[in-house]
Amino acid sequence: MSRQQGFTLVELIVVIVILGILAATALPRFVNLQNEARVSAVQGFAGGVRSAVAVVQAKWFAAGSTGASTVNMADGTTVAVSTGPTGGIPTGAALGIGAALRCDGTDCNGFTASYGSPTTFRPTNGGSATCEVSYNPANGNVTVDTSGC
């Protein structure tokens, strides 16, 4: 009587087919992770912009600078702000919201800034023109568009 050692060719093929089926059903679940990660990054950056606006405006009010066009932050950064009815809100320029976010020119920690009214921030690593954070310097509102991420 001889003893069989190892697996037969049929058993190996069956195992490979089962692994292939499992991989085919699991792969689509992980393919979309890049888009989800980009959406999360955009939403997180929007939270950072909102925080920067609030901190600058709070510093402006705390300093009693109701007519000042700049705010000097604790780390020495000077941020340009509006002086109208919505005083203390960072301007849409590099010296305003860009300085509040500590951007280096148009490079804002993984986002590319396009200063203006509104100022937009898009992920540097991809996404379309509809994957962005918009900052309105007129009223300090921050909006998020993740439809193109």
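Structure shown above.
Small disclaimer: the values here were computed from a predicted structure and weren't measured.

1. Concerning the overall build of the protein
Each helix and strand counted, the protein has 3 helices and 6 strands in total. Order of helices (α) and strands (β) in the protein, N terminus to C terminus: α-α-β-β-α-β-β-β-β. The globule rule puts the C-alpha radius of gyration for 149 residues at 15 Å, and the 26 Å found for the protein is more than 25% above it. Among the 149 residues that make up the protein, the fraction classed as buried is 28%. Pairs at least 24 residues apart make up 36% of the contacts formed inside the protein by residues separated by at least 6 positions. Split by element, the accessible area of the protein, about 9,100 Å² in all, is 60% carbon and sulfur. Distance between charge centroids for the protein: 6 Å, based on 7 positive and 7 negative side chains.

2. Notes on the pattern of salt bridges
Counted by the stated rule, this structure contains 2 salt bridges. We note a salt bridge from Arg-102 to Asp-75, for which the minimum N-O separation is 2.6 Å. Here Asp-75 lies in the loop between β1 (70-72) and β2 (78-80) and Arg-102 lies in the loop between α3 (94-100) and β3 (111-114), a separation of 27 residues in the sequence. Residue classification places Asp-75 among the partly exposed positions, given a relative accessible area of 46%. Between Arg-122 and Glu-132 there is a salt bridge; the shortest N-O distance is 2.7 Å.

3. Observations concerning the packing of aromatic side chains
Summed over the entire model, instances satisfying the criterion amount to 3 aromatic pairs. Joined through ring pairs, the aromatic side chains of Phe-45, Phe-111 and Phe-121 make up one cluster.

4. Remarks on the pairing of strand β5 (residues 132-135)
Residues in a regular strand project their side chains so that they alternate between the two faces of the sheet. Neither face of β5 is open: one carries Glu-132 and Ser-134, the other Val-133 and Tyr-135, and all of them are buried. For strand β4 (residues 119-123) and β5, the ladder comprises 3 bridges, and the chain directions are antiparallel. Paired with Thr-120 across the two strands is Ser-134, which belongs to β5. Where β5 meets strand β6 (residues 142-145), 4 bridges bridge the pair, whose relative direction is antiparallel. Counterpart to Glu-132 in the pairing with β6 is Asp-145. As consecutive antiparallel partners, β5 and β6 are separated by 6 residues, and within that stretch Gly-140 has a phi angle of approximately 80°, a positive value.

5. A few points about the sheet that holds β4
The 4 strands lie next to each other as β3-β4-β5-β6, forming an open sheet whose pairing is antiparallel. What marks the edges here is a single partner per strand, and that holds for β3 and β6. Going from strand to strand, the sheet's axes swing by 20° on average, the running direction of each strand aside.

6. Considering helix α2 (residues 33-62)
Note: α-helices contain 3.6 residues per turn, so residues at a spacing of three or four share the same orientation. In this model, α2 (30 residues) spans 43 Å end to end at C-alpha, consistent with the 44 Å of a helix rising 1.5 Å per residue. Those residues of α2 not exposed but buried are Arg-38, Val-42, Phe-45, Ala-46, Val-49, Ala-52, Val-53, Val-56 and Trp-60. Looking one or two places after α2, you find Gly-64, whose phi comes out positive at around 70°.

7. Considering the nonpolar core
Within the largest apolar cluster, 19 residues are counted, with the highest numbers of intra-cluster contacts made by Phe-45, Val-49, Leu-101, Phe-121, Val-133 and Tyr-135. Elements supplying a minimum of two residues to this core: α2, β3 and β5. The element best represented in this core is α2, accounting for 6 residues. For Leu-101, the residues in contact, after removing those within four places along its chain, are Phe-45, Gly-48, Val-49, Ala-52, Asn-109 and Phe-121.

The rules behind each value
Residues numbered from 1 in each chain as written. Predicted model: local features only at pLDDT ≥ 70, side-chain atom pairs only at ≥ 80, totals over all residues. Heavy atoms only, no water. Helix = DSSP H or I, 4+ residues; strand = E, 2+ residues; numbered from the N terminus. Rg over C-alpha atoms; globule rule 2.2 N^0.38 Å. Buried < 20%, exposed > 50% of the residue type's maximum accessible area, 1.4 Å probe, protein only. Contact = heavy atoms within 4.5 Å. Areas by Shrake-Rupley, 256 points an atom, 1.4 Å probe, with all protein chains shown as cover. Lys, Arg positive; Asp, Glu negative; His and termini not counted. Charge placed at Lys NZ, Arg CZ, Asp CG, Glu CD. Salt bridge = Lys/Arg side-chain N within 4 Å of Asp/Glu carboxyl O. Phe/Tyr/Trp six-rings, centres within 6.5 Å; stacked < 30°, edge-to-face > 60°. Pairing = 2+ DSSP bridges. Axes fitted to C-alpha atoms, helices over the stretch in contact; angles between N-to-C directions. Expected span 1.5 Å × (residues − 1). Core = buried A, V, L, I, M, F, W, Y, C linked by side-chain atoms within 4.5 Å.

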